[in-house]
Amino acid sequence: MTAPAAGAAGGTVRAIMLHPDPVLRAVCAPAAALTAAQRRALVADLFATLYHAGGRGLAAPQIGVTRRVLVMDAGWKAGAPSPLAMFDPRIMWRSPLADEAEEMCLSIPGRPVRVRRAAAIRLAFADADGAGREIALDGAAARIAQHELDHLDGVLILDALPAGPGA
């Protein structure tokens, strides 16, 4: 698996915070206050770290930055890169249809958890330039986005276990 060069250009691979680091339970602050240079640098670091770790999504708190920023690339492992960076994302609509699947998390290595999520979602967010965007996602992309959005609110896949938070 080779990471897309364009998505990681200029970024620094950062350490990924591991559970039970308290930063993973932080509710992140809005990203709107970040400067353009801070936005570009954060996105570059997130993509560099994501691809280096072999993941498909990464949220800012996973590298110790408690801002509402996430990156994802649902297709790069299948040879169809589709990098997407979101600032202050919010779900505008969730499908009433849901599915359950096993998820892994870069912050909780080696601990897959079955999680039930909406099968499709529509998101509103700002892009790296600060422009407002909307996107509809389904399948794996919807699951990845919902997983990373949970990170922005301090929610981990472990919270889906019957024993409750931090199990």
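The residue numbers shown here count from 1 along each chain, following its written sequence. The predicted nature of this model means local features are confined to residues of pLDDT at least 70 and side-chain atom pairs, given and counted, to a pLDDT of 80 or more, with totals for whole chains, interfaces and linings taken over all residues. With hydrogens and water excluded, all non-hydrogen atoms of the structure serve as input to the side-chain values.

A. Representation of the pairing of strand 3 (residues 84–94). DSSP bridges decide pairing: two strands pair if at least two such bridges lie between them. Strands are runs of DSSP state E lasting at least two residues, helices are runs of H or I lasting at least four, and both sets are numbered from the N terminus onward. Bridge analysis of strand 2 (residues 69–72) against strand 3 gives four bridges, and the strand direction is antiparallel. Within strand 3, the residue paired with V71 across the bridge is A85. Across five bridges, the pairing between strand 3 and strand 6 (residues 120–126) is antiparallel. Residue pairing across strands places I91 opposite L123, the latter belonging to strand 6.

B. Region of interest: the pattern of salt bridges. By definition here, a salt bridge exists when the distance from a side-chain nitrogen of Lys or Arg to a carboxyl oxygen of Asp or Glu is within 4 Å. In this structure the tally under the stated criterion is nine salt bridges. Between D45 and R14 there is a salt bridge whose closest N-O contact spans 2.9 Å. With D45 in helix 2 (residues 36–53) and R14 in the loop between helix 1 (5–8) and helix 2, this pair connects stretches of sequence that are 31 residues apart. Burial status follows relative accessibility: with a 1.4 Å probe on protein chains alone, a residue under 20% of its type maximum counts as buried, one over 50% as exposed, and anything between as partly exposed. For R14, a relative accessible area of 29% puts it in the partly exposed group. In this structure, the salt-bridge partner of R117 is D150, at a minimum N-O distance of 2.8 Å. Placement of R117 in strand 5 (residues 108–118) and of D150 in helix 3 (residues 139–152) is noted, with a sequence separation of 33 residues between them. Classification of D150 by relative accessible area gives partly exposed; the value is 23%. Sharing partners across several salt bridges, the network here consists of D99, E103, R117, R143 and D150.

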